[in-house]
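# Architecture and fold: a report
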Amino acid sequence: MNSSDVLSGVFESILRTNHVFRNREVLRHDYVPETLPHREEQVRLLGEMVAPVLKGERCSNIFVYGKTGTGKTAAMKYVLSKLSEKAQEFNAPVKVCFVNCRMAGTEYRVFSLLCDAVGVHVPFTGLALGEVFDRFKRGLDSHRHVFIAVLDEVDALVKQRGDVLLYELTRVNETLSRSGAALVGISNDLRFKEFLDPRVLSSLSEEEVVFKPYDASELEDILLDRAKMAFHENVVSEGPIRLCAALAAAEHGDARRALDLLRVAGELAEREGAFKLGELHIRHAEKRIEHDRVAEALRNLPFHSKLVLFSVYLLCRSQVQQLSVTGNIYELYCELCAQSGISPLTQRRVSGLINELDVIGLVNTQVVNMGRYGRTKKIRLSIAPKVVMDTFAVDNRLSRLLTHSPKQLTDFSTLAH
DNA sequence: CTTCCACAGGAACCAGCGGACC
DNA sequence: GGTCCGCTGGTTCCTGTGGAAG
């Protein structure tokens, strides 16, 4: 069979086997359902807080916090969409802008998105931050409206860049003559407040809404709701759903993770042509999600980070794990660079790369003091070595390195004995 | 008690890029 | 066309550190 036959077989079987999903979109993170189970209280609170804008008055700044997958974003989007509907109905001059700060990445891009929302076009680079902000203010003040800026995952931006952006935004009303602006900050990090300037904090958290993690039974309700919409009748029963909820609750009550599990499990079932979703599908989905996350992270690593990780891998694989410290990893990394024909980065930079690998969860590090023998960092792989091997084997530049053992490694081995 | 190792990690700075402004 | 700007991805220089060895 040639490859085009294979593909058309795959496509046709997908078209034939739609007996699992009725609508898989409802299991995606960005789907905002018509009802938010166990978030009625928060939705009501948020609604009360933003309601004054319908009368043309500025509402309080709001600070929303809770861990990932606790429904903050969904609740906020839900409230804003209802607010916009009402505003249209009553002809209230309300504008809202929803920005994900982590996606935007920099203050500049956050400001430029805010500018877009008030109908001002700014180039994607080239202007001074102050200039972009001035244009935003002018654009905002050119008509009379109440503007609500929602900054989702604002903690990510502040930790990286400081709170200049928040400071400017919380003070924006002082310079507006016709319009009013309110700020909603959404944070995944409960300790985020500690990073903030007290002036920003007091101004931003005029009102606060806390989202607690869901427990297993609440997750179950959410999943049941969505499963009814997502799957055909009798595809999924309570058992697998309960398992999904339990697994996600064990993490930290993350609804996003629970929905992912259910969606991937559904896809697995669909692919094998099953008519019912079983607990085994959920278990497999759990493994699949983890594997995909890791493989994806590995593939997207810059080349130098890959070499660093590869050094960690080689050291962990060898018998000399106690030697897996920054200095040795750096030496090994330098040798790999030489073999690849590229010049190595400095140790300071590599130390930074190791920290980045730690942050994305590919390695595990621990600063250790060895007295006379200095202070260093022990680095272990926190993922299955096989995944590293498999992913790097298909990388042209790295696969060549897999075939021969670096000299430095044999030196370490003799050193250890 | 002092010394000293082998780094950690902060701060300042730099180069190159794409782009706006005058 | 020169100048300014922000961003990325580095480098250089530096101070700090906990505990084994002397």
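The structure under discussion appears in the preceding block.
My aim in this report is to walk through the structure given alongside it, one point at a time. (Residues numbered from 1 in each chain as written. Chains lettered and ligands numbered in written order. Predicted model: local features only at pLDDT ≥ 70, side-chain atom pairs only at ≥ 80, totals over all residues. Heavy atoms only, no water.)

## Quick notes on the environment of V94
This is how it is decided: Each helix is a run of DSSP H or I of at least 4 residues and each strand a run of E of at least 2, with the numbering of both proceeding from the N terminus.
Structurally, V94 is set in strand β2 (residues 94-100). Residues V94 and Y330, 236 residues apart in the sequence, show an inter-C-alpha distance of 56 Å.

## Focus: the packing of aromatic side chains
This is how the line gets drawn: When the centres of two rings from Phe, Tyr and Trp lie within 6.5 Å, Trp using its six-membered ring, the rings pair. Their planes under 30 degrees apart give stacked, over 60 give edge-to-face, and anything left gives tilted. To sort residues, take the accessible area from a 1.4 Å probe on protein chains only and compare it with the maximum for the residue type: under 20% means buried, over 50% means exposed, and anything in between is partly exposed. Here, over-ring charges are defined by two tests on the NZ atom of lysine or the CZ atom of arginine: distance to the ring centre within 6 Å, and angle to the ring normal within 35 degrees.
Summed over all chains, the structure comprises eight aromatic pairs. Between the aromatic rings of F136 and F147, the centroid separation amounts to 5.7 Å while the plane-to-plane angle is 65°, which identifies the pairing as edge-to-face. Of this pair, F136 sits in helix α6 (residues 129-141) while F147 is found in strand β3 (residues 146-152), placing the two residues eleven residues apart along the sequence. Accessibility assignment for this pair places F136 and F147 in one class, buried. Arranged with centres 5.9 Å apart and planes meeting at 15°, the rings of F310 and Y313 form a pair that is stacked. Of this pair, F310 and Y313 both sit in helix α14 (residues 303-317), three residues apart, which is roughly one turn of the helix. Exposure class is identical for F310 and Y313. Each is buried. The ring of Y214 carries R39 above its face, with NZ or CZ at 4.1 Å from the centroid. We note K77 situated over the ring of F98; from NZ or CZ to the ring centre the distance is 5.1 Å.

## Focus on the side chain of D155
We count it as follows: Whenever two N or O atoms come within 3.5 Å, that pair is a polar contact, provided that in protein one can donate a hydrogen and the other can accept it, and provided that, for residues adjacent in sequence, both atoms are side-chain atoms. Note on contacts: a residue pair is in contact if any heavy atoms of the two residues lie within 4.5 Å.
Relative to the assigned elements, D155 resides in helix α7 (residues 154-161). At a separation of 3.5 Å, a polar atom in the side chain of D155 contacts the main-chain amide nitrogen of N188. Residue contacts for D155: discarding those within four places in its chain leaves I186, S187, N188, D189 and F192.

## As for the sheet that holds strand β5 (residues 207-211)
Basically, it comes down to this: Following DSSP output, two strands are said to pair if at least two bridges run between them. Every angle, taken between N-to-C directions, lies between 0 and 180 degrees, and every axis is a line fitted to C-alpha atoms, over only the stretch in contact when it is a helix.
Pairing in this open sheet of five strands is parallel, and the strands run β2-β3-β4-β1-β5 from one edge to the other. Both edges of this open sheet fall to β2 and β5, since each of them pairs with a single strand only. Neighbouring strand axes in the sheet, compared pairwise and without regard to direction, differ in orientation by 15° on average. Contacts from helix α3 (residues 72-89) reach β1 (62-66), β2, β3, β4 (180-187) and β5, with the element oriented near 160° to β2.

## Examining the packing of helix α5 (residues 107-117) against α6
The line we're drawing: Just so you know how the angles are binned, under 35 degrees is roughly parallel, over 145 roughly antiparallel, 65 to 115 roughly perpendicular, and the rest oblique. Should the near helix be turned anticlockwise from the far one by less than a right angle, the crossing is termed left-handed; should it be turned clockwise, right-handed. Side-chain classes are defined by residue name, with Ala, Val, Leu, Ile, Met, Phe, Trp, Tyr, Cys and Pro counting as nonpolar, Asp, Glu, Lys and Arg as charged, and the others, Gly among them, as polar.
Where α5 contacts α6, the two axes come as close as 9 Å, and the packing angle between them is 20°. Classified by the interaxial angle, the pair formed by α5 and α6 is roughly parallel. Of the two elements, α5 crosses α6, and the hand of that crossing is left-handed. Taken together, the residues of α6 that come into contact with α5 (itself represented by E107, Y108, F111, S112, L114 and C115) are L129, V132, F133 and F136. Its residues assigned to classes, the contact of α5 with α6 comprises eight nonpolar, one polar and one charged.

## Quick word on the protein's contact with DNA strand B
How we decide: If even one non-hydrogen atom of a residue comes within 4 Å of a molecule or strand, that residue is called near it.
Around DNA strand B sit 19 residues, and of these R135, T326, R348, G374 and K377 come closest. Expressed as a percentage, the sugar and phosphate content of the atoms of DNA strand B within 4 Å of the protein is 68%. A distance of 3.4 Å separates a phosphate oxygen of DNA strand B from a polar side-chain atom of N355. Interatomic distance of 2.9 Å between a backbone N/O atom of G371 and a base oxygen of DNA strand B. When contributions to the surface near DNA strand B are tallied by element, the ones reaching two or more residues are α15 (326-340), α16 (347-359) and β7 (375-381).

Treat this as a map of the structure, not an account of what it does.
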